[in-house]
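# Coordinate inspection notes
Residue-level listing of the chains:
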Amino acid sequence: MFAGKKILVGVTGGIAAYKAAEVVSRLRKLNIEVHVAMTKSAAEFIAPLTLQSLSANPVYVDLFDEPKLWNVEHIALAEHVDAVIVAPATANILAKMATGIADDFLSTVLLATRAPIYAAPAMNHAMYHHPATQENLTRLKERGIKIIGPGTGFQACGTEGDGRMSEAVEIVETITQLFSKSECLKGKRALVTAGGTQEPLDPVRYLGNRSSGRMGYAVAQALQEAGAETILVSAPTDLPAPHGVSRMSVQTALEMYDAVLANFPNMDVIVKAAAVADYRPATRAEQKIKKDGTNRTIELVPNPDILAELGRRKTSQVLIGFAAETENLLVNAQEKMHRKNVNLLVANDVTKPGAGFGSPTNTVSFLFPDGRRIDFPQMSKLEVARNLVGEIANLLGDCNKGVK
Ligand code: PMT
């Protein structure tokens, strides 16, 4: 079932490093291709040769080792694998991950990869509860990194409490769940729009909005993780395309309209997370508009409503809209859901702290045409996206349990 899947196990320097051997062994028994990267301190706790023998692959320790397989190994490995699990994850590696430090092979791969990352913390109880570690864990979760455990019990330092690395069996089950879910939308084609369109006034100015693209990119990542062949139609953003997702870049609402409509007939799922300009300037000056001290008026003409057009043309596709509201969230969102004929509408009050434009988190409600509503607490945009993909799987009726 898991043949063809590739995992990188990152091992860092703690007493629980010996348990990494069981993680590697269990993954291999499932026919998963396993690669191992260790920190130098991990290599003090467990011999690289042990993990090399169990994984049947060379083990990476030093960034400047002789290349084993590829030229720029840390980048090649980062792109090669379907998931990364750091087990055990010390307080040190969690701090490096949270702040983007890349000073050895493993931390460099962790920064370079776009594959889903899991971490199984293992450390002394007091270190685990230190505010610095807790803040790092919160930051990592917000970025969509899945934290497994830690467990509670007797610790090697003689204390009792939480901080023990989760058992290998639990770690492997959590990761293989990801791959089982991957089968759920396999064979389905999905299109996601993201970012804020830009409507030019002249060669240097445009009318835009505050969308960073994060929400739409997270949805594209979650759909791809669930096995859907995913296209991202993206307005300008600073974000890299998620692993395995093909991106079409557009600038204006009209360009987005053309890109979405051209692909629509071949899609099973469309998610419109983009913030599309409702209006564009009636004219675009050929040259930069000069200031002359007088008042100016910009004439605006309406853009097509892409989502409403898809709602009119929809046959078997699952169509998901978003509603960015600043007042009367549910009433306005419900009106949009019916008018645009979507199967599910994600409503977000963009005036709430930690929600809407730009933030790594969002607070949303899912509204369904049959009157059902699911309210979520504040969570990372990737968690919102994974919940959304669960509902999409249910709407497609292909997966009994969805992919949450
Ligand atoms: O990108 P981030 O910084 O992560 O922020 C996320 C977000 C706030 C942009 C996102 O969560 C969100 O709410 N996206 C929809 C923004 C929006 O344009 O909402 P709206 O209520 O104006 O539009 C409703 C729906 O119609 C949306 O699905 C929109 O894509 C679509 N629409 C709107 C206008 C238009 N001309 N064509 C459209 O397709």
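Here, every reference points to the structure presented above.
To start, this report covers the structure provided alongside it. Given the structure is predicted, the values throughout are model-derived calculations rather than measurements.

A tally of regular secondary structure across the protein chain gives 14 helices and 22 strands. For 404 residues, the compact-globule formula gives about 22 Å, and the C-alpha radius of gyration of the protein chain, at 24 Å, lands near that figure. With the C-alpha coordinates of the protein chain rotated into their principal frame, the extents come out at 70 × 50 × 40 Å. Within the protein chain, the proportion of its 404 residues that are buried is 52%. A sequence separation of at least 24 residues applies to 65% of the contacts in the protein chain between residues at least 6 apart.

What follows concerns unusual backbone geometry. Here the residue pair Ala87 and Pro88 is connected by a cis peptide bond, since its omega of 0 degrees sits within 30 degrees of zero. Its place among the elements puts Pro88 in strand β4 (residues 83-89). Positive phi, close to 60 degrees, is recorded for Ala56, a residue that is not glycine. Here the phi dihedral of Asn328 falls at roughly 40 degrees; this positive angle occurs in a residue that is not glycine.

Moving on to the packing of helix α5 (residues 91-99) against helix α8 (residues 131-142). Helix-helix packing: each pair is described by the crossing angle between the helix axes and the interaxial distance. Taken N-terminus to C-terminus, the directions of α5 and α8 make an angle of 50 degrees; their axes are 9 Å apart at the nearest point. Comparing their axes, α8 and α5 come out oblique. The crossing of α5 and α8 is left-handed. Residues Ala91, Leu94, Ala95, Met97, Ala98 and Thr99 of α5 touch α8, and the partners they reach there are Thr133, Asn136, Leu137, Arg139 and Leu140. Its residues placed into classes, the contact of α5 with α8 shows 7 nonpolar, 3 polar and 1 charged.

Among the 6 residues in strand β12 (residues 229-234), 5 count as buried, and that is most of the element. Here strand β9 (residues 189-194) runs beside β12; their pairing, made up of 6 bridges, is parallel. Looking at β12, one finds that Thr193 is bridged to Val233. As paired strands, β12 and strand β13 (residues 246-249) are joined by 4 bridges and run parallel to one another. Considered in β13, the bridge of Ile231 is made with Ser246.

A separate point is the pattern of salt bridges. Once their charged atoms are close, side chains differing in charge can pair, the charge on each being opposite to the other. Under the defined criterion, the tally for this structure stands at 16 salt bridges. Across the pair Arg339 and Glu335 runs a salt bridge whose closest N-O atoms are separated by 2.7 Å. Taken together, the residues span about one helical turn, with Arg339 and Glu335 both in helix α13 (residues 329-339) at a distance of 4 residues. A relative accessible area of 48% means that Arg339 is categorised as partly exposed. Between Arg372 and Asp370 there is a salt bridge, and its shortest N-O distance comes to 3.3 Å.

Rules used in this analysis
Residues numbered from 1 in each chain as written. Predicted model: local features only at pLDDT ≥ 70, side-chain atom pairs only at ≥ 80, totals over all residues. Heavy atoms only, no water. Helix = DSSP H or I, 4+ residues; strand = E, 2+ residues; numbered from the N terminus. Rg over C-alpha atoms; globule rule 2.2 N^0.38 Å. Buried < 20%, exposed > 50% of the residue type's maximum accessible area, 1.4 Å probe, protein only. Contact = heavy atoms within 4.5 Å. Axes fitted to C-alpha atoms, helices over the stretch in contact; angles between N-to-C directions. Parallel < 35°, antiparallel > 145°, perpendicular 65-115°, else oblique. Left-handed = near helix turned anticlockwise from the far one by under 90°. Nonpolar A, V, L, I, M, F, W, Y, C, P; charged D, E, K, R; others polar. Pairing = 2+ DSSP bridges. Salt bridge = Lys/Arg side-chain N within 4 Å of Asp/Glu carboxyl O.

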